[in-house]
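Structural characterization, general
Here's the letter readout for the chains.
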Amino acid sequence: MSAARTAASRLRLPGAGRPSRPDFLASPKVFRTEVLAGLVVALALIPEAISFSIIAGVDPSVGLFASFTMAVVISVVGGRKAMISAATGAIALVIAPLHHEHGLGHLVAAVILGGLIQVALGALGVAKLMRFVPRSVMVGFVNALAILIFLAQVPELRDVPWAVYPLVAGGLALMVLFPRLTRAVPAPLVSILALTLITVGAGIAVPTVGDKGALPSSLPAPGLPEVPFTLETLTTVAPYALALALVGLMESLMTAKLVDDITDTHSGKTRESVGQGIANIVTGLFGGMGGCAMIGQTMINVKTSGARTRLSTFLAGVFLLVLVVVAGPVVSDIPMAALVAVMILVSFATFDWHSVQPRTLRRMPLSETLVMAVTVTVVVVTHNLAIGVIVGVLAAMVAFARRVAHLVNVSSVTDPDGTQVIYAVTGELFFASSNDLVYQFDYAGDPDDVVIDLSEAHIWDASSVAALDAVETKYASRGKKVTITGLNDPSARMHDRLAGELVNDH
């Protein structure tokens with residue numbers, strides 16, 4: 001036994017059996033970055049959560065507490081480190097009609113049911129669908145997002161005291177120049193503190209966070225939604241819950257993929273999908289309005305503040321709760337100009353400027369540029385990232401089908417004695433490319449023995465089999481024999497299963 005233990009100890013890897021150290025404790029610098037990043041995000045979350053509450057037609061506390069529970073829960077169960085989830089405008093737009101018609105109880109029930117749907121979809125592997133989102137749609141998504149972030153700040157710059165404009169300009173200048181001195185403290189936090197001290201100290205009257213709505217003064221309490229648990233309630237909330245689940249998952253998975261690209265790390269998309277559902281269930285039980293990943297706040301956390309771990313996400317939620325419940329009066333004095341400046345800088349940093357450079361546009365295939373433009377246009381017009389991504393993916397599919405359809409080629413060689421002709425078909429045969437296949441043959445002029453060689457082709461769908469059936473029928477009507485050769489195994493199985501079965505004889 002002692003010899004066995006000695007051998008096992010020799011084979012044991014260094015550190016085996018000891019718990020791994022949390023990544024946010026890798027160094028004091030990393031820990032400081034995560035803490036300060038969480039504080040900056042929390043400050044930026046407050047006015048947005050209040051604004052989204054107004055969109056949904058609920059009390060500001062509903063959006064604020066939703067942001068707290070979403071951030072804290074997703075920091076533990078989510079699959080993408082440093083990504084921020086909270087109450088969002090997309091979710092607010094989905095559930096607003098339900099709250100308007102049926103009240104807060106039905107809204108909360110929809111959030112819980114939507115969370116359950118997200119857990120189910122995540123377990124079924126819906127995250128794998130992200131592989132079908134092409135790069136042109138991703139670039140369009142990012143650029144549209146940057147435009148929406150900027151447009152969301154425009155109302156804060158209309159019909160405001162003149163002092164707002166120099167404050168915004170000063171905040172932007174401070175965030176650009178301060179990192180040249182030191183990166184120990186996030187520039188957005190310095191900008192927010194500096195502008196707040198200036199406006200409070202000088203008594204400058206400008207719009208503040210407190211003008212957006214009253215901040216709560218007590219903690220939320222968990223409980224079930226106050227609705228009758230009947231089939232009628234289920235049928236009422238189910239459509240909104242499904243919409244919430246789909247929109248939330250799409251925005252969260254797109255944001256996770258974006259953060260993957262920025263940080264050069266991989267995230268667990270399935271875990272993120274399930275985590276979003278769990279976070280929404282918990283949020284609903286605390287009476288919140290639900291939420292999903294927030295691209296703007298995530299960019300502040302990851303790109304502007306340099307956060308990379310779960311600690312920043314967790315502390316964003318904790319700081320948010322502390323700021324609104326304990327330090328409400330102080331937070332209320334933060335000028336909106338400071339937060340507008342932060343979001344404008346985030347917008348500028350988020351936009352993929354390389355994608356619109358003339359040199360890039362000249363080299364990029366026209367179809368991909370059009371897909372990017374369609375995605376941006378739809379998102380900006382509808383203010384809905386999910387709709388834009390769906391339309392963009394559909395546009396990319398159409399563009400791809402058109403491009404591949406032209407790659408099918410048909411060439412023929414006739415025997416010297418004129419008794420047989422061989423047609424060589426190359427390319428991918430599917431609905432878009434096989435429609436013209438019927439017109440590539442000389443039915444009247446060909447000899448009686450026709451061979452169609454598909455060694456360099458692949459049959460993908462029933463449309464291609466139907467096209468080959470039509471070719472055989474046209475030759476047969478003229479008393480000519482057709483032989484199809486060279487089918488690979490998948491093509492042969494599909495052809496054998498469907499050939500002669502797709503034409504209605506009646």
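Residues numbered from 1 in each chain as written. Predicted model: local features only at pLDDT ≥ 70, side-chain atom pairs only at ≥ 80, totals over all residues. Heavy atoms only, no water.

What to know about the overall build of the protein
Our working rule: The helix count covers DSSP runs of H or I at least four residues long, the strand count covers runs of E at least two residues long, and both are numbered beginning at the N terminus. Radius of gyration: over C-alpha atoms. The globule rule applied is 2.2 Å multiplied by the number of residues raised to the 0.38 power. Here the term buried applies to any residue with accessible area under 20% of the maximum for its type, exposed to any over 50%, and partly exposed to those in between, with areas from a 1.4 Å probe on protein chains only. We call two residues in contact whenever any of their non-hydrogen atoms come within 4.5 Å of each other.
In terms of regular secondary structure, the protein is built from 20 helices and six strands. For 506 residues, the compact-globule formula gives about 23 Å, and the C-alpha radius of gyration of the protein, at 30 Å, lies well above that figure. Over its C-alpha atoms, taken along the principal directions, the protein stretches across nearly 100 × 80 × 60 Å. Put simply, the protein has 506 residues, and 50% of those count as buried. Within the protein, contacts between residues separated by at least 24 positions form 83% of all contacts whose residues are at least 6 apart in sequence.

Some remarks on the packing of aromatic side chains
Remark: the centre distance and the inter-plane angle together describe each pair of aromatic rings, the angle taken between the planes. Convention followed: Think of it this way: a Phe, Tyr or Trp ring, Trp meaning its six-membered ring, pairs with another when their centres are within 6.5 Å, and the plane angle makes it stacked under 30 degrees, edge-to-face over 60, tilted otherwise. The criterion for a charge sitting over a ring is simple: Lys NZ or Arg CZ within 6 Å of the ring centre, and within 35 degrees of the ring normal.
Counting across every chain of the model gives seven aromatic pairs. The ring of Y443 carries the charged tip of K474 above its face, separated from the ring centre by 5.9 Å.

Regarding the side chain of S347
Positionally, S347 belongs in helix α14 (residues 336–350). Every residue in contact with S347, bar those within four places of it in the chain, is listed here: A146, I149 and F150.

Examining the pairing of strand β3 (residues 409–414)
Note the threshold: Note on pairing: two strands pair once DSSP finds at least 2 bridges between them.
Inspection of the sheet shows β3 paired to strand β4 (residues 420–429) by six bridges, in the antiparallel sense. Directly across from S412, in β4, lies its bridge partner Y423. The hairpin turn running from β3 into β4, its antiparallel successor, is five residues long, and G418 in that turn takes a positive phi close to 75°.

Remarks on the pattern of salt bridges
The test is simple: Any carboxyl oxygen of Asp or Glu that lies within 4 Å of a side-chain nitrogen of Lys or Arg is treated as forming a salt bridge with it.
Applying the stated criterion across every chain yields a total of two salt bridges. Residue R80 pairs with D260 through a salt bridge whose shortest N-O separation is 2.5 Å. One end of the pair, R80, is in the loop between α3 (60–77) and β1 (85–86); the other, D260, is in helix α9 (residues 231–263), and 180 residues separate them in sequence. The pair R80 / D260 is uniform in exposure class, with both members buried. D260 serves as the salt-bridge partner of K269, at 2.5 Å between the closest nitrogen and oxygen.

Some points on the pairing of strand β5 (residues 449–459)
Where β4 lies against β5, nine bridges are found, and the strand directions are parallel. Among the inter-strand pairings, L429 is bridged to a residue of β5, identified as I459. The pairing of β5 with strand β6 (residues 481–485) spans five bridges and is parallel. Paired with V450 across the two strands is V482, which belongs to β6.

Concerning the nonpolar core
Selection rule: Throughout, nonpolar core names a set of buried Ala, Val, Leu, Ile, Met, Phe, Trp, Tyr and Cys residues whose side chains join them through atoms within 4.5 Å.
Within the largest apolar cluster, 97 residues are counted, with the highest numbers of intra-cluster contacts made by I46, L64, I95, M289, I300 and L320. When residues in this core are grouped by element, the largest group, twelve residues, is from helix α2 (residues 28–56). Sequence-distant contacts of L320, defined by excluding residues within four places in its chain, comprise A42, L45, I46, L64, S67, F68 and L315. If you look at the next biggest cluster of nonpolar residues, it comprises 24 residues, including V410, V450, L454 and V482.

A short note on the sheet that holds β3
Stated precisely, the cut-off is as follows: Helix axes are fitted only over the stretch in contact, all axes being lines through C-alpha atoms; the angle between N-to-C directions runs from 0 to 180 degrees.
One open sheet accounts for four strands, arranged β3-β4-β5-β6; its pairing is mixed. Every other strand in the sheet has two partners, leaving β3 and β6 as the edge strands with one partner each. Taken over all neighbouring pairs, the strand axes of this sheet differ in orientation by 20° on average, direction set aside. Against the sheet, helix α20 (residues 489–498) contacts β5 and β6, and its axis sits at roughly 120° relative to β5.

Brief notes about the packing of α2 against helix α4 (residues 89–102)
Going by this rule: Angular relationships are summarised with four words: roughly parallel below 35 degrees, roughly antiparallel beyond 145, roughly perpendicular across 65 to 115, and oblique for the angles in between. Put simply, Ala, Val, Leu, Ile, Met, Phe, Trp, Tyr, Cys and Pro go in the nonpolar bin, Asp, Glu, Lys and Arg in the charged bin, and everything else, Gly too, in the polar bin.
Relative orientation of the contacting elements α2 and α4 amounts to 30°, with a least axis distance of 7 Å. Classified by the angle their axes make, α2 and α4 are roughly parallel. For the pair α2 and α4, the contacting residues are F52, I55 and A56 in the first and G89, A92, L93, I95, A96 and H99 in the second. Of the residues contributing to the contact of α2 with α4, the split by class is seven nonpolar, two polar and no charged.

What about helix α19 (residues 462–476)?
Note the cut-off: Helix span, as expected, comes to 1.5 Å for every residue beyond the first.
Given a rise of 1.5 Å per residue, 15 residues ought to cover 21 Å, and the 21 Å separating the end C-alpha atoms of α19 matches this to within 8%. Those residues of α19 that fall on the buried side of the exposure criterion are S464, V465, A467, L468, D469, V471 and Y475.

Observations concerning the packing of helix α16 (residues 366–382) against helix α17 (residues 385–405)
Axes are the key here: two packed helices are described by the angle between their axes and the distance separating the axes. Note the cut-off: In this scheme the handedness of a crossing depends on how the near helix is turned from the far one: anticlockwise by less than a right angle means left-handed, clockwise means right-handed.
Where α16 meets α17, the axes come as close as 8 Å, and the angle between the chain directions of the two elements is 160°. As far as their axial angle goes, α17 and α16 are roughly antiparallel. Considering only the axes of α16 and α17, their crossing is right-handed. Listed contacts from α17 to S367, V371, V374, T375, V378, V379 and T382 of α16 are L385, I387, G388, V391, G392, A395, A396, A399 and R403. Broken down by class, the residue content of the contact of α16 with α17 amounts to ten nonpolar, five polar and one charged.

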